[in-house]
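# A structural walkthrough
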Amino acid sequence: MTLAVSSARNEVVAAPAVIETDIPARLDRLPWGRFHTLVVVALGITWILDGLEVTLAGAVAGALKESPRLHFSNADVGLASSAYLVGAVMGALFFGWLTDRLGRKRLFFITLAVYLVATAATAASWDVASFALFRFLTGAGIGGEYTAINSTIQELIPARYRGWTDLVINGSFWIGAATGAAGSIVLLDPQVLPPDLGWRLAFFIGAALGVVIFIMRLWIPESPRWLMTHGRAHEADAILAAIEADFARAGHRLPSEPPPRMRLRARRFTPLREVASVLFDAQRQRTVVGLSLMAAQAFFYNAIFFTYALVLTDFYGIRADHVGWYLLPFAAGNFLGPLLLGRLFDTVGRRPMIATTYALSGVLLAGAGYLFALGVLSAAGQTAAWMVIFFFASAAASSAYLTVSETFPLEIRALAIAFFYAVGTGIGGVAGPFLFGLLIDTGSRWSLFGGYLLGAVLMLIGLWVMITKRVSVARVISSSRSQKRSTL
């Protein structure tokens, strides 16, 4: 499979038809250094932002219901959460398409600007419709971030560190979750702020953090791999030479022998019809595996996490301003999972670790949901169960992004990630929060257990598809790397 074509309309004007380069090999031979650490921090902080947003949406659910201006119902809370996810889906597709055409770095700033304006506007919401609209736009900015950042991870991080790096960056979502939880404890306390003011100020936390991210990203270079495929090999070489010079100044010794070179055909962009041909014809098996993993984890996560505050307030009588205390250990388990299990995805292998984390997530959720239905779990016990479940589920969800980003070639990588994220979230995530909001409104533990059981079954189905498809995940990854003109 190759995306390089000889049609003149797809070649870059005034650029060589075929480029010979050693840039991919030079990037992959770099040792881990300060450059990579800064990339992890600058990119990981975006997932902190997403974690903050999602946590605030959950933590303020009780405050929105008690707001003298808004008076949200549980279904309204679920609807607003679904609006956020719909925005993320559409933002991922649109900005993913732009990312492959305009470059990774430029989209960093466009999507961040959309997020900053939208999350600040959320604080000024006056009814259900305005709140849902601003959450939709906030989600669009975050969805665009997903595609650009996951593409950049693949293109700047050496392959031998990529599994751990990808999981840790995606797992940093939960640092933002903990930040949002801690902020909500103070801002939602009626003794500190009026009930209709605290939740509004909470959304300004994201806007303030977004400004910090904007500054941090100024130093991140454009992806040399992206520049190379767009006929700008001299720019790519200059960026990589500067990176190598920094490593040399830091005392790292790079190999003296010339790295292997490769030949590729430059183009301004890949036509959408060719992208569709790769996804739905040439690599149909890979597409089915990717969609199964993404949809399963999207429902599992979004349905449960967006409504966790409602479970605590409606079934356990926890005050809205105390919900944050229960989220902190939950967030800790979610971050520690990718941090501690991430290296195993590089050493033990993708396939066995994906199978293990998906299986444990599904089985543990089904068991904990049954105990919840029986009423034998206290609020603390429920939180402890979620902490254990999402220790594995967090690594499983991150591995889904790792799989789809490693499976498809650089020329369509951002759009492919956007497609899998959008369709997976659309299938598994958008309806989840609204469905769980309705189940919670019934007041029946057994009805909600049915929702938990559905999430568990979807994880096991995703695992079954990965195992039974003729092209395994492990083979997909090794195959895609072996085809140099495709994966770069």
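Cut-off values and rules
- Residues numbered from 1 in each chain as written.
- Predicted model: local features only at pLDDT ≥ 70, side-chain atom pairs only at ≥ 80, totals over all residues.
- Heavy atoms only, no water.
- Helix = DSSP H or I, 4+ residues; strand = E, 2+ residues; numbered from the N terminus.
- Buried < 20%, exposed > 50% of the residue type's maximum accessible area, 1.4 Å probe, protein only.
- Contact = heavy atoms within 4.5 Å.
- 1 Å grid on protein atoms, 1.4 Å probe; cavity = no way out; pocket = protein on both sides within 12 Å on 5 of 7 lines; lining within 4 Å.
- Points joined across faces, edges and corners; volume = space filled by probe spheres on them.
- Salt bridge = Lys/Arg side-chain N within 4 Å of Asp/Glu carboxyl O.
- Nonpolar A, V, L, I, M, F, W, Y, C, P; charged D, E, K, R; others polar.
- Phe/Tyr/Trp six-rings, centres within 6.5 Å; stacked < 30°, edge-to-face > 60°.
- Lys NZ or Arg CZ within 6 Å of the ring centre and 35° of its normal.
- Patch = residues over 30% accessible without salt bridge, like charges linked within 9 Å, V, L, I, M, F, W, Y side chains within 5 Å.
- Areas by Shrake-Rupley, 256 points an atom, 1.4 Å probe, with all protein chains shown as cover.
- pLDDT = per-residue confidence, 0-100.
- Axes fitted to C-alpha atoms, helices over the stretch in contact; angles between N-to-C directions.
- Parallel < 35°, antiparallel > 145°, perpendicular 65-115°, else oblique.
- Left-handed = near helix turned anticlockwise from the far one by under 90°.
- Expected span 1.5 Å × (residues − 1).

## Digging into the overall build of the protein
If you tally the helices and strands in the protein, you get 22 helices and 2 strands. Across the 488 residues in the protein, those meeting the buried criterion constitute 60%. Nonlocal contacts in the protein, meaning residues at least 24 apart in sequence, comprise 88% of its contacts between residues at least 6 apart.

## Quick notes on empty space enclosed by the protein
Tallying each qualifying case throughout the model produces 4 cavities of 30 Å³ or more. Size it by volume and the largest cavity reaches roughly 360 Å³. Lining the largest cavity are 24 residues, with Tyr 146, Phe 173, Gln 297, Tyr 301 and Tyr 401 sitting closest to its centre. Elements with a contribution of two residues or more to the lining of the largest cavity: α2 (34–59), α4 (74–102), α6 (128–156), α7 (162–171), α8 (173–187), α13 (284–305), α17 (379–407) and α18 (413–428). Examining the composition of the lining of the largest cavity, we find that 5 residues originate from one element, α13, more than from any other.

## Some points on the pattern of salt bridges
If you walk through the whole model with that rule in mind, you get 7 salt bridges. The shortest N-O distance in the salt bridge between Asp 22 and Arg 26 comes to 3.3 Å. Using a relative accessible area of 13% as the deciding quantity, one classes Asp 22 as buried. Among the ionic pairs, Arg 26 bridges to Glu 244, the shortest N-O distance being 2.8 Å. Of this pair, Arg 26 sits in helix α1 (residues 23–29) while Glu 244 sits in helix α11 (residues 233–249), placing them 218 residues apart in sequence.

## Quick word on helix α14 (residues 308–315)
Counting buried residues along α14, 6 of its 8 residues qualify, which places the element largely inside the surrounding structure. Regarding α14, the residues found buried are Tyr 308, Ala 309, Leu 310, Val 311, Leu 312 and Phe 315. Downstream of α14 by one or two residues, Gly 317 has phi in the positive range, about 70 degrees.

## Things to note about the layout of surface pockets
The calculated volume of the second largest pocket comes to roughly 210 Å³. If you go around the second largest pocket, you meet 13 residues; those closest to its centre are Arg 34, Phe 35, Ile 243, Asp 246 and Phe 247. Elements represented by at least two residues in the lining of the second largest pocket include exactly α2 and α11. Among the elements that take part in the lining of the second largest pocket, α11 stands out by supplying 5 residues, more than any other. In terms of residue class, the lining of the second largest pocket is made up of 9 nonpolar, 2 polar and 2 charged.

## Focus on the environment of Val 41
Along the polypeptide, Val 41 turns up in helix α2. Residues Val 41 and Ser 172 lie 131 residues apart in sequence; the distance between their C-alpha atoms is 9.4 Å.

## Digging into the packing of aromatic side chains
Any aromatic ring pair is given by two values, namely how distant the centres are and how the planes are angled relative to each other. Enumeration over the complete set of coordinates arrives at 17 aromatic pairs. Ring centres 5.3 Å apart and planes at 75 degrees place the aromatic pair Phe 419 and Phe 420 in the edge-to-face group. The two residues Phe 419 and Phe 420 agree in class, both being buried. Ring pairs connect the aromatic residues Phe 299, Phe 315, Tyr 316, Phe 372, Phe 436 and Tyr 452, which therefore count as one cluster. When the ring centre of Tyr 316 is taken as origin, the NZ or CZ atom of Arg 445, which lies over that ring, is 5.3 Å away. Above the ring of Phe 372, the side-chain terminus of Arg 445 is found at 4.7 Å from the ring centroid.

## Quick notes on a nonpolar patch on the surface
On the surface, a cluster of nonpolar side chains totalling about 500 Å² of accessible area is made up of Tyr 370, Leu 371, Leu 374, Val 376 and Trp 446. With respect to the element layout, Leu 374 can be found in helix α16 (residues 350–374). A residue is classified by how much of its surface remains accessible, and Leu 374, at 43% relative accessible area, is partly exposed.

## Quick word on the confidence of the model for the protein
Here the protein averages 77 in pLDDT, while 86% of its residues score no lower than 70. Across the protein, element-level confidence peaks in α16 with a mean pLDDT of 91 and bottoms out in helix α21 (residues 473–482) with 38. Note on residues 1–16: pLDDT is under 50 here. Beyond four places in sequence and across chains, it has 42 contacts. A low-confidence stretch, residues 471–487 (pLDDT under 50), is modelled with 43 contacts involving residues beyond four sequence positions or located in other chains.

## Observations regarding the environment of Asp 346
Within the secondary structure, Asp 346 sits in helix α15 (residues 323–347). The partly exposed category is assigned to Asp 346, whose relative accessible area is 21%. C-alpha separation for the pair Asp 346 and Gly 163, spaced 183 residues apart in sequence, amounts to 5.4 Å. With near-sequence residues (within four places) excluded, Asp 346 lies in contact with Arg 160, Tyr 161, Arg 162, Gly 163 and Trp 164.

## Quick word on the packing of α4 against helix α5 (residues 104–122)
Between α4 and α5, whose axes approach to 8 Å, the crossing angle comes to 150 degrees. The angle between α4 and α5 places the two elements in the roughly antiparallel class. Regarding α4 and α5, the two cross each other, and that crossing is right-handed. Contact residues: α4 offers Phe 95, Leu 98, Thr 99, Asp 100 and Leu 102, while α5 offers Arg 104, Arg 106, Leu 107, Ile 110, Thr 111 and Val 114.

## Examining α16
Residue pairs three or four apart in sequence face the same way in an α-helix, which turns once every 3.6 residues. Here α16 spans 36 Å end to end across 25 residues, near enough to the 36 Å set by a 1.5 Å rise per residue. Immediately downstream of α16, the backbone of Gly 375 shows phi near 80 degrees, a positive value.

## Thoughts on the packing of α16 against helix α20 (residues 445–468)
Where α16 contacts α20, the two axes come as close as 8 Å, and the packing angle between them is 165 degrees. Considering their axes alone, α16 and α20 lie roughly antiparallel with respect to each other. Read as a crossing pair, α16 and α20 show a hand that is left-handed. Broken down by class, the residue content of the contact of α16 with α20 amounts to 21 nonpolar, 4 polar and 2 charged.

## Overview of the environment of Leu 458
Mapping Leu 458 onto the fold places it in helix α20. Expressed as a C-alpha distance, the spacing of Leu 458 and Ala 296, which sit 162 residues apart in the sequence, is 5.0 Å. Ignoring anything within four residues of it in the chain, the contact list for Leu 458 reads Ala 296 and Phe 299.

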